[in-house]
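Observations on chain architecture
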Amino acid sequence: SQKIEQNSEALNIQEGKTATLTCNYTNYSPAYLQWYRQDPGRGPVFLLLIRENEKEKRKERLKVTFDTTLKQSLFHITASQPADSATYLCALTNDYKLSFGAGTTVTVRA
Amino acid sequence: GAVVSQHPSRVICKSGTSVKIECRSLDFQATTMFWYRQFPKQSLMLMATSNEGSKATYEQGVEKDKFLINHASLTLSTLTVTSAHPEDSSFYICSARRTGDSYEQYFGPGTRLTVT
């Protein structure tokens, strides 16, 4: 059955460093992969979408890569700030239905 | 733009009663809305897809008679949890896809349901 795994439940980093999150999937061939940010008690907020034929996408301090051979996406937050502390979710889709990973909670220490 | 609201944000109800949750797209039209449920430290699980003017499509294992969905207009979808039980306590989140848009979904802030 389809499985989406995010590398770790929690990631603690020092302000200014780069946070790297991993999303691996099996038994799935998504056309699109999306990353969302979720703060406690709130709904997810869309960050980035990358298509299967794209290798890399950037938006401000965020960078996403998508390797369909490895079935993996990497999500980078560069020059991290305490305000980046949140849970980050990856989501896969072939149509309009999203399948989410459990998320990685990032804490950026000042 | 692309703001989605949910009401109420929190609700506590007694076992056996029904609860209605509203999801509104405030500044865009949404042909399709989605309802998710999220338990603590778990991923969002899609419950159903709601299309304006037609019946909702439920995911496997989701009881359609228990979770009634109505999408009567392009800006409003409602989820009614009927005969709620403590195991229905969860965080319910809706999302909306803008009509004609690609694959982005805009999520509401969620509704925390507690059934006592």
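In this report, we go over the structure that sits alongside the text. (Residues numbered from 1 in each chain as written. Chains lettered and ligands numbered in written order. Predicted model: local features only at pLDDT ≥ 70, side-chain atom pairs only at ≥ 80, totals over all residues. Heavy atoms only, no water.)

**Overview of the sheet that holds strand 1 (residues 4-7) of chain B**
Residue and element names in this part refer to chain B. As summarised here, the arrangement of the four strands in space is 1-3-8-7, forming an open sheet in which the pairing is antiparallel. Edge strands, defined here as strands with exactly one partner in the open sheet, are strand 1 and strand 7 (67-73). Taking the axes of each pair of neighbouring strands and ignoring which way they run, one obtains an average angle of 15° across the sheet. Examined bridge by bridge, strand 7 and strand 8 (residues 76-81) share five bridges and lie antiparallel to one another. Residue Asn70 lies in a different strand from strand 8, and its bridge partner there is Thr78. (Pairing = 2+ DSSP bridges. Helix = DSSP H or I, 4+ residues; strand = E, 2+ residues; numbered from the N terminus. Axes fitted to C-alpha atoms, helices over the stretch in contact; angles between N-to-C directions.)

**Quick word on the sheet that holds strand 1 (residues 3-6) of chain A**
Residues and elements named next belong to chain A. Pairing is antiparallel in the open sheet, where five strands are placed in the order 1-3-8-7-6. At either end of the open sheet lies a strand with only one pairing partner, and these are strand 1 and strand 6 (56-59). Here the strands of the sheet are splayed against their neighbours by 15° on average, with no regard to which way each runs. Two elements, strand 6 and strand 7 (residues 62-67), share four bridges in a ladder whose sense is antiparallel. Residue Glu56 lies in a different strand from strand 7, and its bridge partner there is Thr65.

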